[in-house]
Amino acid sequence: MLCVGLTTVDVSQRVAEFPGPGQKVQSLGVHLAPGGPAANAARAVAALGHRAVLLTALDGELGGFARSRLHPVEVRSLGAGPALSMVAVRERDGERTVISRNAAESELTGEVDPALVEAADVVLVDGHLGPLALQAARLARRAGVPVVLDAGSWKPVLDDLLPLVDVAACSAAFELSETEVHARGVPLVIRTHGPRPVTWSRGGVTGARPVPVVEVRDTNGAGDVWHGALAVAVAEGLAVDEAVRWANEVAAVRVRHTAWDWVEELGRWRDSG
């Protein structure tokens, strides 16, 4: 699996309540770990027992720290990064709020190695680091490797990227409708809706899969983990309804746990069958 896109370093703090303007609160705990859509997806892929290669920007002063925490993900860096994200997670319901620069200041320093794409069973792109996403998707199209897009929000690169995508997994907030995404050339469109059923459409056929009801402890990165699981399902050739069910189950493991332990718990869940 090749995951292309953003890596951050997340400073996560658990709080009883989010502070209002001008307020200060003492956190219940703090944790420092890699984050970001592509990095979280790659960590999930590895925890699920698959080879994960992360193509990202990790040449900045925090890059060494992120690399040390990403193992066994194989990291390839082509630019300065990662960005620093500040995350507050509310203790009572796992809701989170995030402040981050994302890829705003990343300067890319190279091009995608075609061998990385050709060796992958799926290429997952998050649209951040747009030139890398576009290069990887073009190489994947030539090599016949499926491309999965984490479509969390609109990014300028999507005008060129969407026609190269096989599966677009859209958030509830993604600006284009399913019809508009299909019109851009994407065969399969999936949309998450938070705790409500995940919907999908392909070739005029639609479906929906409910999200497991669990005790939520931390929602930060749950969508990223869901996308990693979906990419694994695509690589394994699962039918779309079963692929969505699988991704929903994996994301449920993520939200039941915190930034401290979700990777290890996902590995235990995998081993338990």
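One can find the structure itself at the top, above this paragraph.
Quick caveat, the model's predicted, so the values are computed rather than measured.

1. Here's the deal with the pattern of salt bridges
Any two side chains of opposite charge can pair if their charged atoms end up close together. Tallying each qualifying case throughout the model produces 13 salt bridges. Between Asp271 and Arg270 there is a salt bridge, with the nearest N and O atoms lying 2.7 Å from each other. Given a relative accessible area of 58%, Asp271 falls into the exposed group. The network of salt bridges with shared partners includes Glu17, Arg90, Arg92 and Asp93.

2. Quick word on the pairing of strand S2 (residues 8–15)
Most of S2 is tucked away, with 7 of its 8 residues classed as buried. One ladder, built from 7 bridges, connects S2 with strand S3 (residues 29–35); its direction is antiparallel. Looking at S3, one finds that Val11 is bridged to Leu32. With 8 bridges joining them, S2 and strand S6 (residues 83–90) adopt parallel strand pairing. Counterpart to Gln13 in the pairing with S6 is Ala88.

3. Let's talk about the packing of helix H8 (residues 240–255) against helix H9 (residues 262–272)
Put simply, H8 and H9 touch, their axes get as near as 9 Å, and they point 135 degrees apart. Compared by their axis directions, H8 and H9 come out oblique. Regarding H8 and H9, the two cross each other, and that crossing is right-handed. Here Trp246, Glu249, Val250, Val253 and Arg254 of H8 lie close against H9, whose contacting residues are Trp262, Glu265, Leu266 and Trp269. When its residues are assigned to classes, the contact of H8 with H9 shows 6 nonpolar, no polar and 3 charged.

4. Describing the nonpolar core
Core analysis: the biggest nonpolar cluster contains 46 residues, and Leu54, Val73, Ile190, Trp226, Leu230 and Leu266 have the highest contact counts within it. If you list the elements that add at least two residues to this core, you get helix H1 (37–47), helix H2 (63–70), strand S10 (167–170), strand S11 (188–193), strand S12 (196–202), helix H7 (222–235), H8 and H9. By size, the runner-up hydrophobic cluster in this structure holds 39 residues, among which are Ala103, Leu116, Leu129 and Phe174.

5. Considerations on the packing of H7 against H8
For the pair H7 and H8, interaxial distance at closest approach is 8 Å and the crossing angle is 145 degrees. In terms of crossing hand, the pair formed by H7 and H8 is right-handed. Contacts from Ala222, Val225, Trp226, Ala229, Leu230, Val232 and Ala233 in H7 reach Ala243, Val244, Trp246, Ala247, Asn248, Val250, Ala251, Arg254 and Val255 in H8. Here the contact of H7 with H8 is built from residues that sort into 14 nonpolar, 1 polar and 1 charged.

Rules used throughout
- Residues numbered from 1 in each chain as written.
- Predicted model: local features only at pLDDT ≥ 70, side-chain atom pairs only at ≥ 80, totals over all residues.
- Heavy atoms only, no water.
- Salt bridge = Lys/Arg side-chain N within 4 Å of Asp/Glu carboxyl O.
- Buried < 20%, exposed > 50% of the residue type's maximum accessible area, 1.4 Å probe, protein only.
- Helix = DSSP H or I, 4+ residues; strand = E, 2+ residues; numbered from the N terminus.
- Pairing = 2+ DSSP bridges.
- Axes fitted to C-alpha atoms, helices over the stretch in contact; angles between N-to-C directions.
- Parallel < 35°, antiparallel > 145°, perpendicular 65-115°, else oblique.
- Left-handed = near helix turned anticlockwise from the far one by under 90°.
- Contact = heavy atoms within 4.5 Å.
- Nonpolar A, V, L, I, M, F, W, Y, C, P; charged D, E, K, R; others polar.
- Core = buried A, V, L, I, M, F, W, Y, C linked by side-chain atoms within 4.5 Å.

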